[in-house]
Amino acid sequence: IKSLYNHEYEESLHCTRRGLSAEDRLWLQMVANSISHFGHHYSISLPLADKNVQLPNNVSIARSRLNKLKVRLERDQQFASDYRTFMNEMIEKGIAEVVPKGSENRNDGRVWLLPHHAVYHPQKPDKIRVVFDCAAQFQGISLNDCLLQGPDQTNTLLDVLVRFRMERIAFIADIEGMFNQVYVHEADRDFLRFLWWQDGNISNEIQQFRMKVHIFGAKSSPSVAC
């Protein structure tokens with residue numbers, strides 16, 4: 001029975017991973033068909049459940065959330081400084097860009113504006129991360145609703161602990177900005193727009209930016225990065 005099971009199914013009786021669902025297989029096919037190189041990085045399209053999806057214009061909720069953020073930035077100078085530094089670094093590193101001139105008012109259902117907020121690392125109180133709210137809904141839909149999550153490709157704790165028995169020395173490593181190491185095809189970047197002030201100064205005019213990479217907050221990013 002064990003031999004038959006292991007022959008018929010991808011996951012063996014000794015495997016702790018779950019089998020692939022039909023949605024997972026679709027995700028794998030989409031990623032395989034879209035993967036390419038962007039400089040020294042990989043570029044993968046957003047795994048949209050419906051490649052012809054049409055989204056409503058949600059600029060109103062993005063502006064509302066930005067106005068609420070502005071109140072906190074005005075009240076907390078340290079928070080404002082940390083937030084501004086993080087956003088400026090994203091733009092300087094080329095993982096975010098100003099929306100190209102002439103396309104700011106694009107309204108063909110292929111644009112989505114992401115509200116954003118910041119969180120501090122619980123063990124590093126001076127380290128801030130800006131999170132894009134891909135779960136924010138407008139007219140009953142969010143960007144996460146349109147994305148395929150993809151298979152869980154992370155190793156289970158049991159698998160990691162068992163492999164520690166294999167050799168005498170084990171290595172661990174951390175990838176800085178893991179999700180941001182994978183770029184998004186240019187055709188999909190307008191789904192990742194956000195509002196921010198010119199030069200990070202809340203006294204300046206509001207501009208539209210867009211992410212060039214897969215982002216922290218999108219439910220598809222963990223699988224894409226793995």
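Reading across the sheet, the 3 strands line up as β3-β8-β7 and stay open at both edges, with antiparallel pairing between neighbours. Across the chains shown, the open sheet's two edge strands, defined by having one partner strand only, are β3 (96-98) and β7 (193-197). Pairwise comparison of adjacent strand axes, ignoring direction, gives a mean angle of 40° for this sheet. Taken together, the 5 bridges between β7 and strand β8 (residues 206-211) define a ladder with antiparallel strand orientation. If you follow Phe194 over to β8, its bridge partner there is Phe209. Its contacts with the sheet place helix α3 (residues 59-75) against β7 and β8, and it is angled at close to 35° to β7. This element, helix α4 (residues 77-92), spans β3, β7 and β8 of the sheet and lies at about 125° to β7.

What follows covers the packing of aromatic side chains. For the coordinates displayed, the defined rule picks out 7 aromatic pairs. Note on Phe132 and Phe194: the rings are 5.1 Å apart at their centroids and 55° apart in plane angle, and the pair reads as tilted. In this pair, Phe132 sits in strand β5 (residues 128-132) while Phe194 sits in strand β7, placing the two residues 62 residues apart along the sequence. For the pair formed by Phe132 and Phe194, the shared burial category is buried. Ring pairing ties together the aromatic residues Phe79, Tyr83, Tyr120, Trp196 and Trp197, which thus form one cluster. A cation sits over an aromatic face here: Arg129 above Phe216, 4.2 Å from the ring centre.

This paragraph deals with empty space enclosed by the protein. Tallied over the full model, the rule gives 1 cavity of 30 Å³ or more. Lining the largest cavity, in full, are Ala62, Arg65, Leu66, Leu114, Pro115, His116 and Leu195. Looking at the lining of the largest cavity element by element, the count peaks at 3 residues for α3. Residue classes in the lining of the largest cavity are distributed as 5 nonpolar, 1 polar and 1 charged.

So, how was this worked out
Residues numbered from 1 in each chain as written. Predicted model: local features only at pLDDT ≥ 70, side-chain atom pairs only at ≥ 80, totals over all residues. Heavy atoms only, no water. Pairing = 2+ DSSP bridges. Helix = DSSP H or I, 4+ residues; strand = E, 2+ residues; numbered from the N terminus. Axes fitted to C-alpha atoms, helices over the stretch in contact; angles between N-to-C directions. Contact = heavy atoms within 4.5 Å. Phe/Tyr/Trp six-rings, centres within 6.5 Å; stacked < 30°, edge-to-face > 60°. Buried < 20%, exposed > 50% of the residue type's maximum accessible area, 1.4 Å probe, protein only. Lys NZ or Arg CZ within 6 Å of the ring centre and 35° of its normal. 1 Å grid on protein atoms, 1.4 Å probe; cavity = no way out; pocket = protein on both sides within 12 Å on 5 of 7 lines; lining within 4 Å. Points joined across faces, edges and corners; volume = space filled by probe spheres on them. Nonpolar A, V, L, I, M, F, W, Y, C, P; charged D, E, K, R; others polar.

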